[in-house]
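# Report on the structure
Next come the chains, spelled out residue by residue.
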Amino acid sequence: GLGREAAPEPIDTPEALARFLDKRASFVAQASLYGYLRTRAGMRYPELFDDDPFVASINIAKWHVWLDCLSDLAVYAGSRLAQEAPRELPRIAGMLTALVEDVLAQTGKPAEAGDAFAAHADRVRDRVARTNWLVVGKDEAAFTESPAGLVRWAPVMDELKALDEEIVRNSVRFRWQEVRRDFSRDLDSQAVLRAMPQRPGS
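Residues numbered from 1 in each chain as written. Predicted model: local features only at pLDDT ≥ 70, side-chain atom pairs only at ≥ 80, totals over all residues. Heavy atoms only, no water.

## Things to note about the overall build of the chain
Secondary structure assignment for the chain yields seven helices and zero strands. The N-to-C order of helical and strand elements in the chain reads α-α-α-α-α-α-α. Its C-alpha atoms give the chain a radius of gyration of 17 Å, near enough to 17 Å, the size a compact globule of 202 residues would have. Overall size of the chain, expressed as C-alpha extent along the three principal axes, is 55 × 30 × 30 Å. Of all intrachain contacts in the chain linking residues separated by at least 6 positions in sequence, the fraction that spans at least 24 positions is 80%. With an accessible surface of roughly 10200 Å², the chain has 51% of that area assigned to carbon and sulfur atoms. Each charge sign in the chain was given a centre, from 27 positive and 31 negative side chains, and these centres are 4 Å apart. (Helix = DSSP H or I, 4+ residues; strand = E, 2+ residues; numbered from the N terminus. Rg over C-alpha atoms; globule rule 2.2 N^0.38 Å. Contact = heavy atoms within 4.5 Å. Areas by Shrake-Rupley, 256 points an atom, 1.4 Å probe, with all protein chains shown as cover. Lys, Arg positive; Asp, Glu negative; His and termini not counted. Charge placed at Lys NZ, Arg CZ, Asp CG, Glu CD.)

## Focus on the nonpolar core
Core analysis: the biggest nonpolar cluster contains 62 residues, and Leu17, Trp66 and Leu96 have the highest contact counts within it. Of all the secondary-structure elements, those providing two or more residues to this core are helix H1 (14–41), helix H2 (52–84), helix H3 (89–107), helix H4 (117–130), helix H5 (145–153), helix H6 (158–186) and helix H7 (189–195). Aside from chain neighbours lying at most four places away, what touches leucine 17 is Ile11, Ala77, Leu81, Met95, Leu96, Leu99 and Phe183. (Core = buried A, V, L, I, M, F, W, Y, C linked by side-chain atoms within 4.5 Å. Buried < 20%, exposed > 50% of the residue type's maximum accessible area, 1.4 Å probe, protein only.)

## Brief notes about the pattern of salt bridges
Applying the stated criterion across every chain yields a total of 13 salt bridges. Salt-bridge contacts for aspartate 72 lead to arginine 127; the nearest nitrogen and oxygen are separated by 2.6 Å. In this pair, aspartate 72 is assigned in helix H2 and arginine 127 in helix H4, connecting sequence segments 55 residues apart. Note on accessibility: aspartate 72 and arginine 127 belong to one class, buried. Where arginine 125 meets aspartate 122, a salt bridge forms, and the shortest distance between an N and an O atom there is 2.7 Å. Of this pair, arginine 125 and aspartate 122 are both found in helix H4, three residues apart, which corresponds to roughly one turn of the helix. (Salt bridge = Lys/Arg side-chain N within 4 Å of Asp/Glu carboxyl O.)

## Considerations on the packing of aromatic side chains
Inspection of the entire model under this criterion finds seven aromatic pairs. Look at tyrosine 76 and phenylalanine 143: their rings are 5.3 Å apart centre to centre, the planes differ by 40°, and that puts the pair in the tilted class. Of this pair, tyrosine 76 sits in helix H2 while phenylalanine 143 sits in the loop between H4 and H5, and the two are 67 residues apart along the sequence. By relative accessible area, tyrosine 76 is classed as buried at 1%. When the centroid spacing of 4.7 Å and the interplanar angle of 35° are considered together, the rings of phenylalanine 143 and tryptophan 176 count as tilted. You can see phenylalanine 143 sitting in the loop between H4 and H5 and its partner tryptophan 176 sitting in helix H6, a full 33 residues away along the chain. The exposure classification of phenylalanine 143 matches that of tryptophan 176, with both residues buried. Pairwise contacts between aromatic rings join Phe20, Tyr76, Phe143, Trp176 and Phe183 into one cluster. (Phe/Tyr/Trp six-rings, centres within 6.5 Å; stacked < 30°, edge-to-face > 60°.)

## Quick notes on the environment of aspartate 72
Under the relative-accessibility criterion, aspartate 72 is labelled buried at 0%. Residues aspartate 72 and phenylalanine 143 lie 71 residues apart in sequence; the distance between their C-alpha atoms is 4.9 Å. At 3.4 Å, the side chain of aspartate 72 forms a polar contact with the backbone nitrogen of threonine 144. There is a polar contact of 2.6 Å between the side chain of aspartate 72 and the side chain of serine 146. (Polar contact = N/O pair within 3.5 Å; in protein donor to acceptor, adjacent residues only side chain to side chain.)

## Things to note about the side chain of threonine 131
Within the element layout of this structure, threonine 131 appears in the loop between H4 and H5. Since its relative accessible area comes to 15%, threonine 131 is described here as buried. Within polar-contact distance, the side chain of threonine 131 engages the backbone oxygen of arginine 127 at 2.7 Å. Not counting the four nearest positions on each side in its chain, threonine 131 is found in contact with Val75 and Val136.

Written out as structure tokens, the structure is:
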């Protein structure tokens, strides 16, 4: 589920990397969505949670924004590893595909996520499978889905989202800056590479 930002943890195994992907995607999704709704609603923000249909829309949005955040962060993390060890590209690609699949499998299909969740999860899988890891880069290039996803899924009137779009997209990009710093601080790429399966998908 969606929770608070995780405490620092060394990223030195594939399993630790999977936890980082899940927890940080959850944090950015929650902070971005609820931050936008709080800003847009102002003093009326607490009243939103008394409206059951609106709460249902929030729940759908939070899971779809999480998927977009997971997609972006997985592409970023895989590209960083690939740039450090390009000869290991097949193994890195296989590992990232497996890790994303594990995170999605553990999440399942939340009852509150709406009918479109499974198809969206498949698009995340497809993006990871088709990523050219060596051309993504180490900065913002990977983070294309989450800014657009927040604009798309936030339960805010379309005419208001049109006015807010640039600010909303930039707010998501800003949140990823800290995540990238933490990833660089906590990643032990050589340890992760040593712990990877020897063959893609194994």
